[in-house]
Amino acid sequence: MFLHGTSRINEKGHLEIGGVDTINLATKYGTPLYIYDVALIRERARSFKQAFEKMNVRAQVAYASKAFSSIAMFQLIDQEGLSLDVVSGGELYTAIASGFPPSRIHLHGNNKSRAELKMALEQKVGCIVVDNFYEIELLAELSKEYSTKVPVLLRVTPGVEAHTHDYITTGQEDSKFGFGLLNGQIEQAIDQVLKIDNIHLLGIHCHIGSQIFDTAGFVLAAERVFSKIQEWQKQFSFIPEVVNLGGGFGIRYTEEDEPLPATYYVEKIVEAVKKQVSEMGIMMPEIWIEPGRSLVGDAGTTLYTIGSQKTVPNIREYVAIDGGMSDNIRPALYQAKYEAVLANRVTEKHEKSVSIAGKCCESGDMLIWDLPLPEVKPNDILAVFCTGAYGYSMANNYNRIPRPAVVFVENGEEQLVIQRESFEDLLVNDLPLKSKVTQQ
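Throughout what follows, the structure given in this document is the object of discussion. (Residues numbered from 1 in each chain as written. Predicted model: local features only at pLDDT ≥ 70, side-chain atom pairs only at ≥ 80, totals over all residues. Heavy atoms only, no water.)

**Considerations on the pattern of salt bridges**
Heads up, the condition is: Should a side-chain nitrogen of Lys or Arg be within 4 Å of a carboxyl oxygen of Asp or Glu, the pair is scored as a salt bridge. Helix and strand assignments come from DSSP, with helices taken as H or I runs of at least 4 residues and strands as E runs of at least 2, each series counted from the N terminus. For each residue, the accessible area found with a 1.4 Å probe, counting protein chains only, is set against the maximum for its type, and the residue is called buried under 20%, exposed over 50%, and partly exposed in between.
Scanning all chains against the criterion turns up 25 salt bridges. Salt-bridge contacts for R104 lead to D78; the nearest nitrogen and oxygen are separated by 2.6 Å. Here D78 lies in helix α3 (residues 71–79) and R104 lies in the loop between α4 (89–97) and β7 (105–107), a separation of 26 residues in the sequence. On the accessibility criterion, D78 (27% relative accessible area) is partly exposed. The network of salt bridges with shared partners includes R42, R46, E80 and E410.

Set out below in structure tokens:
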């Protein structure tokens, strides 16, 4: 068993996170329940910032909020002095509602609507990451309504394939994101943007994927981007003030995963950029990165209550929980793997192997296959580790299951930051049928 952050086993044999007994949290707030280890999030945020400071480079660390968005989460990120990457009007609206400084918000997205771009311009966000030619046209039109220049980065696909799941690789040439770095699209985009008076081209953005365990892809992406910068300097007299090399730094979900320390990714990225800058004889750009999962992924734990069990003789034993793909769709979506324990009986000997089934009406709603556990009883509390990224943010109401509550824990104190949805909440946007059946 691998315990993350402040997690430990207390004197009762219960799982404790942030100095708070998880069984008490399950009793007080119900299950399923997402718990976030705030101290671990702060530690990761500071490690990224300190790595840049140690290497004496100008930088921005922007939390990729698609991993988990909420008012409290954005306020925590603000406390730590990070910037914020949002990818929709909803995430931007939440950020503004949280009081997050707009000047440290970066708006992403491969199909930003006119309304989303207007919201970003009205709020004076720090940067818009432009993804396609359609967006350039929209910004050229909308920016005329505003007196200041709109800061933008142009997103490129560097032709680097990360060694990860196909659904979460984004930097290869055949991608829905960004301008091709190798097919002439980015030169066309730079030429267009530089001719628009109300747009300020800050620099270039690229992102090669997620859950990456080595630095070779980031180094290669930097090399490819800077080889083009050398061409752009001659062709357009353009040298980026900012180079954003994205995120995708991996975390440990199971013993199969071997992530690097956050600082190591930063060191290798900065070394690669410094090498290119030195060879070209240009000014060092400001380096931006966008960690999401690596900030919150292993800081999250989900609690479930165990219910029914089913034994298929000589094949498998199923243990059902009160959640599943409605609160964690990753196993069904891309076969994600997790580790888990009985939070109320952590120290007991593992006597059997069981498979954890969700309660949704889908055969594919399986959370963990072949999990070693003690003899399982109804009402035991199962704690699934490393659910802090893409758990709540991808949660859904399939089968009309309300979304769980979210609790932050730190220094022996807990705070409810998202309330559990009620059945009444599920009907908030429902409208009754107006017409009546006419009797024949």
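And the narrative resumes.
**Some details on α4**
Defined as follows: The arc in question is the one spanned by the directions pointing from the helix axis to the C-beta atoms. Here a residue-residue contact requires only that any non-hydrogen atoms of the pair lie within 4.5 Å. Counting of polar contacts relies on pairs of N or O atoms within 3.5 Å, with two restrictions inside protein: one atom must be capable of donating a hydrogen and the other of accepting it, and residues adjacent in sequence are counted only when both atoms are side-chain atoms.
Taken as a whole, α4 has its buried residues at G89, E91, L92 and A95. Each buried residue of α4 lies within a common arc of 165° when the element is viewed along its axis, so the set occupies one face. Exposed residues lying more than 90 degrees from the buried face of α4 are Y93 and A97. Considering only its buried residues, α4 is in contact with α3, β6 (83–86), β7 and α5 (114–123). Residue S88 occupies the N-cap position of α4, its side-chain oxygen lying 3.3 Å from the main-chain nitrogen of G90. Looking one or two residues beyond α4, the residue adopting positive phi is G99, at roughly 90°.

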